[in-house]
Amino acid sequence: MDKKTITKAYEEAKKIYAEYGVDTDEVLKQFASISVSLHCWAGDDIKGFEDLGDVKSENVVTGSYPYRARNGEELRMDIEKAFSYSPLSPRVSLHSMYHESKSPRNDLTIEDFRTWVDWAKKNHYGLDFNTSFFTHPMMKDGMSVASLDKETRDYWIKAGIDSRKISVAIGKELGTACWNNFWFPDGLKDVPANRALYRELLKDSLDQIFAVPYSEEEKKYAVDCLEGKWFGIGTESFVVGSHEFYLGYCAKNHVGLTLDSGHFRPSEDIGDKISAVFPFVDNVMLHVSRGIHWDSDHVVIEDDGLQGIMNELKRGNYFGKVHIALDYFDATISRVFSWVIGLRATAKAILKALLEPTALLQKAERENNFTSRLYLLEEQNNLPFNAVWQYLLMEKGIVSGLELEKELFEYQETVQKVRG
């Protein structure tokens, strides 16, 4: 569509939304303030850049689509390409296995990520951090900080302590808080004989990692979060760091909590969990994924689960308070395409939530007028959302439709294809 047609459609949509008490111009201003952190690891199937030989990975990535990024330069190039099609304020989630140095993983500093930091600074991206407690020779029988082996635990405790220093340093350099996420794959395939022992070891390790609290100044630049899980491949019977364990630990020890939309039972809704945990923990981060039957990490698309999460952020006034990050990987399709699809689906869900006539819905609810509440919930589905979305893309100079598809395949042919 040409600019004149898009602008005309937007002006009409603006009038319609105004009838429901929604100011679309104000919505677009609020949208511009919301950032979403893109996960770097989808670009290379969670391989990382370390030369560790043939080590077992605790992450299962399905597919063999060609052209994955093989080094930092290629990965950053692909991320920039993905961001060029997204209207969201850009951030990048970085795993420690993507350092570009010869340092061991338990002896890293910000300088081991200097290229990433300088690149983020140049492009005005935020950076978030994750210690990679997986795919490493120091994993012992799938365990890290909950291992029965003290040498193994000590190795990863040091890595965790260093990650907090790295996060503060990144936040200071970029002038925006670095969200530092901890996910440990520790668990057992079959029924454990002593669950309590492993959880005592995990608690002790966490106590050591968080032994030195951030100063008031450092709190401006780094936020720590713990991410639980229901089960995983190879840990079907027991995951040491369950959601319940971390919820209790975070609430007691003033550590942030990460809710991953693929880490719960399929019938559970993490949108419902946000308001349940927010009053009791200092910070909440979301890892937005699409679990089909469990933590399958399918590419995020526009579906009820995603929209439900963003609606809850709007209704509870959590935008700007809850940190949003993506976390999925699918090597059966183009990795850059998968980023673009997920970024744009998330952007649309956020925009649609912001455009919701929430004030009318909540007024009806306060008055016990559940008839009007249900009617408005249904009626809003037919409001002219797409006119606002197209206007947003036009204002940012972002292409859409078949033109976007054509450009991404051209990028694959002219840039990525040389990778083999």
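What counts, and at which threshold
Residues numbered from 1 in each chain as written. Predicted model: local features only at pLDDT ≥ 70, side-chain atom pairs only at ≥ 80, totals over all residues. Heavy atoms only, no water. Buried < 20%, exposed > 50% of the residue type's maximum accessible area, 1.4 Å probe, protein only. Helix = DSSP H or I, 4+ residues; strand = E, 2+ residues; numbered from the N terminus. Pairing = 2+ DSSP bridges. Salt bridge = Lys/Arg side-chain N within 4 Å of Asp/Glu carboxyl O. Core = buried A, V, L, I, M, F, W, Y, C linked by side-chain atoms within 4.5 Å. Contact = heavy atoms within 4.5 Å.

Enquirer: Break down the pairing of strand E3 (residues 126-130) for me, with residues and values.
Expert: Looking along a regular strand, one sees the side chains alternate between the two faces of the sheet. The buried count for E3 comes to five of five residues, which makes it a mostly enclosed element. Burial of the side chains of E3 extends over both faces: Gly126, Asp128 and Asn130 are buried on one face and Leu127 and Phe129 on the other. Note that strand E2 (residues 89-95) and E3 share five bridges and pair parallel. Across the sheet, residue His95 finds its bridge partner in E3, namely Asn130. Here two bridges tie E3 to strand E4 (residues 178-182), and the two strands are oriented parallel to one another.

Enquirer: Give a description of the pattern of salt bridges that names residues and reports values.
Expert: This structure, assessed with the given rule, holds 30 salt bridges. Between Glu100 and Arg76 there is a salt bridge, with the nearest N and O atoms lying 2.8 Å from each other. With Glu100 in the loop between E2 and helix H4 (114-123) and Arg76 in helix H3 (residues 72-83), the pair connects residues that are 24 residues apart, well separated along the chain. Across the salt bridge formed by Glu217 and Lys220, the nearest N and O atoms sit 3.1 Å from each other. Residues participating in the shared-partner salt-bridge network are Glu111, Arg114, Asp118, Lys121 and Glu173.

Enquirer: So what's going on with the nonpolar core? Residues and values would help.
Expert: If you look at the biggest cluster of nonpolar residues, it comprises 120 residues, and the most contacted ones within it are Ile79, Trp116, Phe184, Leu226, Met310, Ile350 and Leu351. For this core, the element with the highest residue contribution is helix H10 (residues 335-354), accounting for twelve residues. With residues up to four places along the chain from it excluded, the contact list for Leu226 reads Asn181, Phe182, Phe184, Leu206, Phe210, Tyr246, Tyr249, Cys250, Val255, Gly256, Leu257 and Thr258. With five residues, the next largest nonpolar core counts Trp179, Val223, Cys225 and Met285 among its residues.

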